[in-house]
Amino acid sequence: FVISILLSIICFFNLQSIIIRHMSPLLIIIISVPLVEIFLFIKVGSIIGSFNTIALILITAITGVIYARHEGFNTLRSGFSQLVKNEMPIYEIMSGAAIAFAAFLLILPGFATDFLGFLLIFPLSRKLILKKFSKKYEKKEKINNDFIEGQYKDYDDKDKDLKWKNNIKYLQST
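To keep things clear, this report deals only with the structure shown in the data block. Since the structure is predicted, the reported quantities are computational estimates derived from the model, not experimental observations.

### Quick notes on the overall build of the protein chain
Of regular secondary structure, the protein chain possesses 7 helices and 0 strands. Counting from the amino terminus, helix and strand elements in the protein chain follow one another as α-α-α-α-α-α-α. Within the structure as shown, the protein chain displays about 14800 Å² of accessible surface, and the carbon and sulfur contribution to it stands at 70%.

Spelled out as structure tokens, the structure:
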């Protein structure tokens, strides 16, 4: 029995290395998040008990959603104050999206998703996370040196005819 378990684990890790090369990152996340959550449920449940684990999951979900609502209203208020100043509330829009995603993570049952959700809800950690992602997608100022400075003169049709006549006279004289 033990040998069959060891062989299945070895086969699993060999298959895992083959599968990971061909799977998209989103699919890996979709598969790995529940596995991590189940593992954490089992570990925490064995330490504090099953009833306390379920109560802890419900308490973190409820407090997280309440705090997400509070932070969402603060972000909305800050966004309106930016609009009153005729400024684009870019950070507030990104912050609102992060808070909505954090609320979604907090509603999902689990400890890892709750941890990530609380990181996104608290303003200090949210600002650090958004700064890291905004640097990644920040537009780099491109300096364009493909231009030539010069002057030009705009001619009317009469001026063009006169210019051509002068050029023809110049060419005939040489």
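Moving on from the model shown.
### Some words on the layout of surface pockets
Of the pockets and cavities examined, the largest pocket occupies roughly 500 Å³. Forming the boundary of the largest pocket are 21 residues, of which Val33, Phe101, Leu105, Thr113 and Leu116 lie nearest the centre. For the lining of the largest pocket, the secondary structure elements donating two or more residues are α2 (25-48), α4 (90-107), α5 (111-121) and α6 (123-136). It is α2 that provides the largest number of residues to the lining of the largest pocket, a total of 7 residues. Taken together, the residues of the lining of the largest pocket break down into 19 nonpolar, 1 polar and 1 charged.

### What about the packing of aromatic side chains?
Inspection of every chain in the model, using the stated rule, returns 4 aromatic pairs. Consider the rings of Phe41 and Phe111, whose centres lie 5.8 Å apart with planes at 70°: the pair is edge-to-face. Taken as a pair, Phe41 in helix α2 and Phe111 in helix α5 lie far apart in primary sequence, 70 residues in all. Note on Phe111: relative accessible area 17%, which makes it buried. The interplanar angle of 20° and the centroid separation of 6.1 Å between the aromatic rings of Phe118 and Phe122 together place this pair among those described as stacked. Overall, Phe122 belongs to the partly exposed group, its relative accessible area being 40%. Following the ring pairs from residue to residue traces out a cluster consisting of Tyr67, Phe118 and Phe122. It is Lys127 that lies over the ring of Tyr91; its NZ or CZ is 6.0 Å from the centre.

### Quick notes on the nonpolar core
Ala68, Ala98, Ile99, Ala102, Ala103, Leu105, Leu106, Leu120, Ile121 and Leu130 form the largest nonpolar core, which has 10 residues in total. The set of elements that each furnish at least two residues to this core consists of α4 and α5. The element best represented in this core is α4, accounting for 6 residues.

### Comments concerning a nonpolar patch on the surface
Taken together, the side chains of Leu26, Leu27, Ile30, Ile31 and Leu35 define a hydrophobic patch exposed on the protein surface, amounting to about 490 Å² of accessible area. Residue placement: Leu35 occurs in helix α2. Residue Leu35 is classed as exposed on the basis of its relative accessible area of 54%.

### Section: the packing of α4 against α5
Angle between the axes and distance between the axes are the two parameters that describe a pair of packed helices. Contact geometry for α4 and α5: axes closest at 8 Å, N-to-C directions at 155°. In terms of orientation, α4 and α5 fall into the roughly antiparallel class. You can see that α4 and α5 cross each other, and the crossing is left-handed. Two secondary-structure elements touch here, α4 through Ala98, Phe101, Ala102, Leu105 and Leu106 and α5 through Thr113, Asp114, Leu116, Gly117, Phe118, Leu120 and Ile121.

### Topic: the side chain of Glu92
Within the secondary structure layout, Glu92 lies in helix α4. Not counting the four nearest positions on each side in its chain, Glu92 is found in contact with Thr75, Ser78, Gly79 and Gln82.

### Looking at the packing of helix α3 (residues 50-84) against α5
Here α3 crosses α5 at 20°, and the two axes come no closer than 10 Å. In terms of their interaxial angle, α3 and α5 are classed as roughly parallel. The two elements α3 and α5 meet at a crossing, and its hand is left-handed. Listed contacts from α5 to Thr53, Leu56, Ile57, Thr60, Thr63, Gly64, Tyr67, Ala68 and Glu71 of α3 are Phe111, Asp114, Phe118 and Ile121. Within the contact of α3 with α5, the residues separate by chemical class into 7 nonpolar, 4 polar and 2 charged.

Thresholds, definitions, all that
Residues numbered from 1 in each chain as written. Predicted model: local features only at pLDDT ≥ 70, side-chain atom pairs only at ≥ 80, totals over all residues. Heavy atoms only, no water. Helix = DSSP H or I, 4+ residues; strand = E, 2+ residues; numbered from the N terminus. Areas by Shrake-Rupley, 256 points an atom, 1.4 Å probe, with all protein chains shown as cover. 1 Å grid on protein atoms, 1.4 Å probe; cavity = no way out; pocket = protein on both sides within 12 Å on 5 of 7 lines; lining within 4 Å. Points joined across faces, edges and corners; volume = space filled by probe spheres on them. Nonpolar A, V, L, I, M, F, W, Y, C, P; charged D, E, K, R; others polar. Phe/Tyr/Trp six-rings, centres within 6.5 Å; stacked < 30°, edge-to-face > 60°. Buried < 20%, exposed > 50% of the residue type's maximum accessible area, 1.4 Å probe, protein only. Lys NZ or Arg CZ within 6 Å of the ring centre and 35° of its normal. Core = buried A, V, L, I, M, F, W, Y, C linked by side-chain atoms within 4.5 Å. Patch = residues over 30% accessible without salt bridge, like charges linked within 9 Å, V, L, I, M, F, W, Y side chains within 5 Å. Salt bridge = Lys/Arg side-chain N within 4 Å of Asp/Glu carboxyl O. Axes fitted to C-alpha atoms, helices over the stretch in contact; angles between N-to-C directions. Parallel < 35°, antiparallel > 145°, perpendicular 65-115°, else oblique. Left-handed = near helix turned anticlockwise from the far one by under 90°. Contact = heavy atoms within 4.5 Å.

Note that all results are geometric; they support no functional claim without further evidence.
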